[in-house]
Structure formats: structure tokens, C-alpha cells
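# Observations on chain architecture
Take a look at the letters that make up each chain.
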Amino acid sequence: MLAAVGVACGALVHALAAMSGLSALFAHLPVLYHVLRWAGAAYLAYLAVKAFRDRGAPDGDDGPPTGPDPRRLRAFWQGMVTNLLNPTVILFNIAYLPQFVNPALGHVTVQFLVLGLTLVLLGLGVDATVGALAGRLAALLRRSRRFARGLNVVSGSVFAALAVRLVTSPD
């Protein structure tokens, strides 16, 4: 759930950047987009290596949160950084979000805020639902070290494939 909140915070940063015109820099300076794309690929490769190296079962569930738990905070930050370094999200904010803002209707900033908050809240709803379902499934499967290792291999492979795709895909 905290990963979903992290993703939502990253989406909010992107929406605010689009609103302030900061995202337009990527349209005028494509080198920035490529730097961000490589940074995103490096982060995905890091997550892949981390998943491949994890040999044990997932951490046990300690019940409801009682205070700041480093694992939970890590999930939040990983969600946020993954979203912030996602070139697809940046490209969406550069190319598509501004198309839905009509200066003739006035208050361009308010229009950007409404669109951005709508995207953030819809994404948070979907991601939180997926997170809740995944959390329940994980609780059932936590007992199997073999299954946990298989999950790490699958997720590491997905992260590695996404990193390769990000680096090799045409603009």
C-alpha cells in the first residue's frame, strides 16, 4: 500500500512539473530525456540484481503497522523513485496532459491541477487495490521458501527485461 502511495506522490510531482512548464524542458532538450531514461534503466537493473541476490523467503508479516518500519518506508521510496524515473510517465505529461488544457476556458493552472489530481487519485485507487490483493496473496504464499525464490527470479527477470527494453527502445 505504501508503494502505491509512493507512486502517487511521484505522479503528483510529474503533474506539478507539467503544470509549471518544467516538463517542456524535455521537449526542447532531448538529452535530458535520454539521461533520465538511462537513470531509470540503471535503477531497474539495480532492482533486478537485488531480486536475483535475495535467496530467502519474503520478510514475515508482523501484523498491522505500529511505527515507522524501514521495510514500509523503503516500499514508499521505491514506488516514488520508480515513478519519477519512468520515462513513459514523463512523456505522457509532456505530450498528452497539456492537450487537455484549454486556455480559452481560463485558469490553466487550475485545469492542470484538476487533471493531475484526477490522474493521481485514479492511479492510487488502482495501485492500492492491486497492492492490497498482492499483500493478501503474499501472506498465503509466505510459507514457501521455494516459491519465494521463484518469485524473486521472476521479478528480477522482469526488472532486467524492462531495463534492457528502456535502453534499447527507440525514442
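Residues numbered from 1 in each chain as written. Predicted model: local features only at pLDDT ≥ 70, side-chain atom pairs only at ≥ 80, totals over all residues. Heavy atoms only, no water.

## Focus: the overall build of the protein
- A count of helices and strands for the protein gives seven helices and zero strands.
- When the helices and strands of the protein are read in sequence order from the N terminus, they spell out α-α-α-α-α-α-α.
- Residues counted as buried form 24% of the 171 residues belonging to the protein.
- A fraction of 80% describes how many contacts in the protein between residues 6 or more apart in sequence connect residues 24 or more apart.
- Accessible area of the protein: about 10900 Å², with a carbon and sulfur share of 72%. (Helix = DSSP H or I, 4+ residues; strand = E, 2+ residues; numbered from the N terminus. Buried < 20%, exposed > 50% of the residue type's maximum accessible area, 1.4 Å probe, protein only. Contact = heavy atoms within 4.5 Å. Areas by Shrake-Rupley, 256 points an atom, 1.4 Å probe, with all protein chains shown as cover.)

## Details of the packing of helix α1 (residues 2–20) against helix α4 (residues 70–84)
- At a closest axis distance of 7 Å, the pairing of α1 and α4 adopts a crossing angle of 35 degrees. α4 is crossed by α1, and the crossing has right-handed handedness. On the side of α1, the interface is formed by L2, A3, V5, G6, V7, C9, G10, A11, V13 and H14, while α4 contributes R72, A75, F76, G79, M80, N83 and L84. (Axes fitted to C-alpha atoms, helices over the stretch in contact; angles between N-to-C directions. Left-handed = near helix turned anticlockwise from the far one by under 90°.)

## Regarding the packing of helix α3 (residues 30–53) against helix α7 (residues 145–168)
- It is at 8 Å that the axes of α3 and α7 come closest, and there the two elements cross at 160 degrees. Overall, the two elements α3 and α7 adopt an arrangement that is roughly antiparallel. Here the hand of the crossing between α3 and α7 comes out left-handed. Here R37, W38, G40, A41, L44, A45, L47, A48, A51 and F52 of α3 come into contact with α7, specifically with R149, N152, V153, S155, G156, S157, F159, A160, L162, A163, L166 and V167.
- Taken together, the residues that form the contact of α3 with α7 break down as 15 nonpolar, five polar and two charged. (Parallel < 35°, antiparallel > 145°, perpendicular 65-115°, else oblique. Nonpolar A, V, L, I, M, F, W, Y, C, P; charged D, E, K, R; others polar.)

## Observations regarding the side chain of Q111
- When you line up the elements, Q111 lands in helix α6 (residues 108–141).
- We classify Q111 as buried; its relative accessible area is 15%.
- Contact partners of Q111, with chain neighbours within four places excluded, come to F100, V101, N102, L105 and G106.

## Considerations on the packing of aromatic side chains
- Scanning the entire structure with this criterion turns up two aromatic pairs.
- Ring centres of F76 and W77 lie 5.2 Å apart, and the angle between their planes is 80 degrees; on these two criteria the pair is classed as edge-to-face.
- A relative accessible area of 16% means that F76 is categorised as buried. (Phe/Tyr/Trp six-rings, centres within 6.5 Å; stacked < 30°, edge-to-face > 60°.)

## Some details on the side chain of N83
- Inspection of the secondary structure puts N83 in helix α4.
- Taking the relative accessible area as the measure of exposure, N83 reaches 9% and is therefore buried.
- Beyond its immediate chain neighbours, meaning those up to four positions away, N83 contacts V7, G10, A11, H14 and V89.

## Some details on helix α5 (residues 87–95)
- Within the span of α5, buried status applies to P87, I90 and N93. The arc that holds every buried residue of α5, seen down its axis, measures 125 degrees, which confines them to one face. (Arc of directions from axis to C-beta.)

## A word on empty space enclosed by the protein
- Applying the stated criterion across every chain, the model contains one cavity of 30 Å³ or more.
- Considered as a void within the structure, the largest cavity measures approximately 40 Å³ in volume.
- What lines the largest cavity is simply L12, A15, L16, M19, F112, L113, G116 and L117.
- For the lining of the largest cavity, the secondary-structure elements that each account for two or more residues are α1 and α6.
- Grouping the constituent residues of the lining of the largest cavity by class yields seven nonpolar, one polar and no charged. (1 Å grid on protein atoms, 1.4 Å probe; cavity = no way out; pocket = protein on both sides within 12 Å on 5 of 7 lines; lining within 4 Å. Points joined across faces, edges and corners; volume = space filled by probe spheres on them.)

## Quick look at the confidence of the model for the protein
- Averaged over all residues, the pLDDT of the protein equals 80, while 88% of them reach at least 70.
- For the protein, the element scoring lowest by mean pLDDT is helix α2 (residues 24–28), at 71; α1 scores highest, at 89. (pLDDT = per-residue confidence, 0-100.)

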